[in-house]
Amino acid sequence: GLFQGTGPSAAGGFQPVHVVTPDPLTEDITLRFFDHCDRWQVLHDAAKRDNYSKFLKGGEISAVAARMSRRVFAEGRGLELSNEEAFTIYTMCAFQISLWNRTDEMCTILDAADARVFEHLTDLKHWFKTTHGMPINPPMACPLLQELLQALNNIAS
C-alpha cells in the first residue's frame, strides 16, 4: 500500500493518516456533488424511473417475490409478498449478516439466486447515482479525484 513500511502500525508498518472532513451529508460538496446539482437530480430521477423502478416492478423481481411468498406463507392462503416487501426482506437479511453475522432469520427466506437478482437491483441504483451510468457523473466527480491526487502529492513531497 501507499503508506506501508513508513509507519509503526502493526506488522506491515503502516503509517496512520488522520483526515478531517466536514459532514459529508450536509457540507461536503466534493464528495456528495450529486446532492447539490438540480440538473443532476432531474437526470437521476429519470434514469431511476426508467431503469431501477422498471426492474423493481418487473418480472424477475416478481418471480423472486412469488418464490419467497411460497417459502413464507402456507399454500392456498392467497398471501403474496409485494416486490417492495421482498426487497425489504433482502435488505434486512443484508443488515443481519453485516451487524450480527446471522443468516438464520430473514436470510432463510432467500436463496442464492434470489439474492443475485436483488444485488443487481442494488447495483442499478448505485450505477446511475455514482458511476458512469449517467454521462454527467464523470465530469462532476473530477474535482473529487483532483482533490485526492493533490492530497497524495502533498504527502509525497
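Just so you know, these numbers come straight off a predicted model, no measurement behind them.

A.B. asks: Any details on the overall build of the chain? Residues and values, ideally.
C.D. replies: For the chain, the helix and strand inventory stands at five helices and zero strands. Going from the N terminus to the C terminus, the chain shows its helices and strands as α-α-α-α-α. Going through the 157 residues of the chain one by one, you find that 25% of them count as buried. Pairs at least 24 apart in sequence give 50% of the contacts found in the chain among residues at least 6 apart. Per element, the accessible surface of the chain, about 10,700 Å² overall, is 59% carbon and sulfur.

A.B. asks: Requested: an account of the environment of Ala 63, with residues and values cited.
C.D. replies: Structurally, Ala 63 can be placed in helix H2 (residues 59-72). Since its relative accessible area comes to 33%, Ala 63 is described here as partly exposed. Once the C-alpha coordinates of Ala 63 and Asp 114 are considered, the two residues, 51 residues apart in sequence, prove to be 9.0 Å apart.

A.B. asks: Describe the packing of helix H3 (residues 83-100) against helix H4 (residues 112-130), and please don't skip the residues or the numbers.
C.D. replies: Helix packing for two helices is described by the angle between their axes and how far apart those axes are. Close contact between H3 and H4 brings their axes to 11 Å; oriented N to C, the two are set at 95°. When the axes of H3 and H4 are compared, the pair comes out roughly perpendicular. Along the contact surface, H3 presents Ala 86, Phe 87 and Tyr 90, while H4 presents Ala 115, Phe 118, Glu 119, Leu 121 and Thr 122. Broken down by class, the residue content of the contact of H3 with H4 amounts to six nonpolar, one polar and one charged.

A.B. asks: Provide a residue-level description of the nonpolar core, including the pertinent values.
C.D. replies: Counting residues in each nonpolar core, the largest one holds 29 residues, and the members touching the most others are Ile 61, Met 68, Phe 87, Phe 118 and Leu 121. Going through the elements one at a time, helix H1 (38-56), H2, H3 and H4 are the ones with two or more residues in this core. By residue number, the principal contributor to this core is H4, which donates six residues. Once residues within four sequence positions are removed from consideration, Met 68 is found in contact with Leu 81, Ala 86, Ile 89, Ile 109, Leu 110, Asp 114 and Phe 118.

A.B. asks: Help me get a handle on unusual backbone geometry, residues and values and all.
C.D. replies: A negative phi holds for most residues other than glycine; trans holds for most peptide bonds. Not every positive phi belongs to a glycine, and Asn 101 is a case in point at roughly 55°. Within the secondary structure layout, Asn 101 lies in the loop between H3 and H4. We classify Asn 101 as exposed; its relative accessible area is 67%.

A.B. asks: Tell me about the side chain of His 44, residues and numbers included.
C.D. replies: Summarising the element assignment, His 44 is placed in helix H1. Overall, His 44 belongs to the buried group, its relative accessible area being 10%.

Rules behind the numbers
Residues numbered from 1 in each chain as written. Predicted model: local features only at pLDDT ≥ 70, side-chain atom pairs only at ≥ 80, totals over all residues. Heavy atoms only, no water. Helix = DSSP H or I, 4+ residues; strand = E, 2+ residues; numbered from the N terminus. Buried < 20%, exposed > 50% of the residue type's maximum accessible area, 1.4 Å probe, protein only. Contact = heavy atoms within 4.5 Å. Areas by Shrake-Rupley, 256 points an atom, 1.4 Å probe, with all protein chains shown as cover. Axes fitted to C-alpha atoms, helices over the stretch in contact; angles between N-to-C directions. Parallel < 35°, antiparallel > 145°, perpendicular 65-115°, else oblique. Nonpolar A, V, L, I, M, F, W, Y, C, P; charged D, E, K, R; others polar. Core = buried A, V, L, I, M, F, W, Y, C linked by side-chain atoms within 4.5 Å.

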